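Chain by chain, the residues:
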Amino acid sequence: MHLRANHPYPSRRSALVARNIVSTSQPLAAQAGLSMLARGGNAVDAAVATAITLTLVEPSGNGIGSDAFAILWDGQELHGLNASGRAPAGWTPDRFAGKDAMDFRGWESVTVPGAVSSWVYLSKRFGKLPFETLFEPAIRYAEEGFPVSPVIATLWGRAADQLGGMPGFAETFLPGGRAPRAGEIFRSPGHARSLRLIAETRGKAFYEGVLAEEIEAFARQHDAALRVSDMAAHKADWCGTLSQSFDDVTLHEIPPNGQGIAALVALGLLSHTALRDLDADDPLAFHLQIEAMKLALRDTEAYVADIAHMTRVTPADMLDPGYLADRARLIDSTKATDFKAGAPKAGGTVYLTAADASGMMVSFIQSNYAGFGSGVVVPGTGISLQNRGAGFSLNPDSQNVVAPGKRPYHTIIPAFLMKGDAPLMSFGVMGGPMQAQGHLQMTLRTQLWGQDPQMAADAPRWRITQGLNVACETTLPAETLDTLRGMGHDLTLEAPDNAFGFGGAQLIARLESGAYAAGSEPRKDGQAVGF
């Protein structure tokens with residue numbers, strides 16, 4: 001990896017180089033995390049404080065009622081945490097009889113929130129500072145108010161018309177009857193109250209106590225299924241990671257129910273192509289990545305579910321080297337193909353990363369799924385509830401069919417790169433189905449083509465959708481776009497400054513000196529900060 005003062009991509013930012021770093025999508029949250037490092041905390045303290053603050057300052061992407069995942073290098077080994085919630089006990093298939101798909105908004109999309117448990121688990125096992133200390137910046141912003149940042153204000157305004165009628169939404173998020181504009185001060189005393197209760201009880205108030213009771217009471221008002229018993233039954237899991245190597249670099253992802261396996265499959269497929277012989281911005285390099293990602297996502301969409309329910313097709317089946325070699329042969333280097341799922345077995349999200357001088361690195365993602373999640377906000381609490389239930393299938397033959405106590409298919413995924421036993425980079429690219437695609441692009445740009453974290457974040461992106469369609473940023477060169485069209489790709493062009501579908505990257509790479517280099521997404525409000 002070569003650190004450069006400038007490069008050919010639009011933002012022209014330089015990578016931040018420091019011994020202690022936090023990188024995320026909102027500056028106040030990044031600085032909240034950095035303040036924990038300055039007070040003697042470690043990367044976990046910084047990550048948790050940043051995550052807590054993000055629930056307030058970036059409510060479009062996450063909230064107290066979100067889910068979370070993390071991959072952590074503790075200085076000696078890698079750990080994976082799945083803190084995603086499960087379906088309420090009342091979500092039997094009969095409850096959804098007559099529907100073609102799960103609801104995307106409202107109470108019938110709300111699963112048990114897991115993010116709070118991630119804060120508790122990470123702090124208890126790896127943190128240095130008192131748990132309550134991690135909440136101080138967020139509580140201060142909730143009580144005293146903070147100026148809303150520009151990109152988040154845009155997303156907030158878009159959500160106002162769509163979600164204004166959802167239970168509890170306007171009371172919390174539309175003060176004065178409208179979304180706050182960029183630079184206006186937003187306060188949320190209910191949010192502050194909830195965070196204090198969570199801090200004082202190490203999460204028990206949220207899962208067993210007064211907040212759980214308020215969530216159930218609001219659910220009952222709307223004939224929803226969520227109960228205190230569902231909340232109390234929740235637990236996060238230290239789940240380890242799945243991995244896939246490309247030459248001497250290994251990409252690690254959280255095992256299903258998340259989509260991270262798609263990035264691993266695509267990387268495995270690309271190891272059987274001529275990608276190594278191409279430059280980063282060669283049109284053929286884009287083509288090969290797009291084709292590999294299509295193959296990977298088609299299988300992911302077909303088979304990924306709660307890992308306990310992946311009994312017919314398992315993650316090992318999807319990553320089987322022989323299967324990947326066979327699938328790679330389907331890639332035509334001259335034209336685009338509309339792939340279908342294979343047969344692996346016969347028969348509006350936030351991301352943050354933090355690293356400290358001791359060598360600890362944290363890759364953390366927290367999300368309410370769609371912008372503001374379900375749109376349901378529990379009155380007086382600031383708790384916006386996620387709509388992860390929309391990720392379930394109603395097809396009884398699917399491994400991902402809805403069932404009580406089951407985790408839904410998840411889009412949010414943290415990533416981590418290793419080289420042998422040494423950590424290389426903690427990173428993520430928030431943004432729904434863009435995330436696995438972004439992981440692939442960041443991995444290859446930094447490791448195969450030697451770009452630094454900021455350069456990789458600044459580079460133009462693509463994302464596949466359905467069939468032969470590929471959405472591309474308008475910053476891709478015209479000749480590249482023409483070549484891809486000539487190969488049969490159906491291209492849709494979107495401007496990076498107003499198309500939030502290309503995700504938000506945050507990256508921290510470890511340098512040979514022991515310091516770090518970080519990049520922060522130029523398409524978002526965020527920044528990398530350090531000392």
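For the protein, the name recorded in an unreviewed UniProt entry is Putative gamma-glutamyltransferase YwrD, with Maliponia aquimaris as its organism.

Caption draft 1: Up close: the side chain of R105. Within the secondary structure, R105 sits in the loop between β4 (78–83) and α3 (115–126). Nearest to the buried, unbridged R105 among oppositely charged side chains is D103, at 11 Å. Of the polar contacts made by the side chain of R105, one reaches the backbone oxygen of G373; its length is 2.4 Å. For R105, the residues in contact, after removing those within four places along its chain, are Q162, L163, M166, A370, G371, F372, G373 and S374.

Caption draft 2: Highlighting the nonpolar core. Counting 102 residues, the largest nonpolar core has W107, W119, L134, F135, F206 and F364 as its most contacted members. For this core, the leading source of residues is helix α2 (residues 43–57), giving eleven residues. Core analysis: the next-biggest nonpolar cluster, separate from the first, contains 64 residues, A285, V313, C472 and L481 among them.

Caption draft 3: Local environment of the sheet that holds strand β19 (residues 504–510). Read across the open sheet, the seven strands follow the order β1-β20-β19-β15-β14-β9-β8; overall the sheet is antiparallel. The strands lining the two open edges of the sheet, one partner per strand, are β1 (16–18) and β8 (242–246). Direction aside, the axes of adjacent strands within the sheet are offset by 20 degrees on average. Relative to strand β14 (residues 415–419), strand β9 (residues 249–253) is paired through four bridges, and the arrangement is antiparallel. Pairing of E253 across the sheet is with A415, part of β14. Its contacts with the sheet put helix α11 (residues 260–270) on β8 and β9, and the angle it makes with β8 is roughly 25 degrees.

Caption draft 4: Fine view of the sheet that holds strand β18 (residues 490–494). In space, the three strands of this open sheet follow the order β16-β17-β18, with mixed pairing throughout. Strands at the two margins of the open sheet, each flanked by one partner only, are β16 (462–464) and β18. With direction set aside, neighbouring strand axes in the sheet form an average angle of 25 degrees. The pairing of strand β17 (residues 469–473) with β18 spans five bridges and is parallel.

Caption draft 5: Structural context of the layout of surface pockets. One number sums up the size of the second largest pocket: a volume of about 430 Å³. As for the second largest pocket, its lining consists of 17 residues, and the residues nearest its centre are M1, K419, L424, T446 and Q447. Mapped onto the lining of the second largest pocket, the elements with two or more residues apiece are α15 (434–448) and β19. Taken together, the residues of the lining of the second largest pocket sort by class into eight nonpolar, four polar and five charged.

Caption draft 6: Structural view of helix α14 (residues 321–328). Regarding α14, the residues found buried are Y323, L324, A325, R327 and A328. If you follow the buried residues of α14, they end up packed against β8, α11, α12 (283–303) and α13 (315–318). Among the residues of α14, the N-terminal cap falls to D320, whose side-chain oxygen and the backbone nitrogen of G322 are separated by 3.1 Å.

Analysis parameters
Residues numbered from 1 in each chain as written. Predicted model: local features only at pLDDT ≥ 70, side-chain atom pairs only at ≥ 80, totals over all residues. Heavy atoms only, no water. Helix = DSSP H or I, 4+ residues; strand = E, 2+ residues; numbered from the N terminus. Buried < 20%, exposed > 50% of the residue type's maximum accessible area, 1.4 Å probe, protein only. Lys, Arg positive; Asp, Glu negative; His and termini not counted. Salt bridge = Lys/Arg side-chain N within 4 Å of Asp/Glu carboxyl O. Polar contact = N/O pair within 3.5 Å; in protein donor to acceptor, adjacent residues only side chain to side chain. Contact = heavy atoms within 4.5 Å. Core = buried A, V, L, I, M, F, W, Y, C linked by side-chain atoms within 4.5 Å. Pairing = 2+ DSSP bridges. Axes fitted to C-alpha atoms, helices over the stretch in contact; angles between N-to-C directions. 1 Å grid on protein atoms, 1.4 Å probe; cavity = no way out; pocket = protein on both sides within 12 Å on 5 of 7 lines; lining within 4 Å. Points joined across faces, edges and corners; volume = space filled by probe spheres on them. Nonpolar A, V, L, I, M, F, W, Y, C, P; charged D, E, K, R; others polar.

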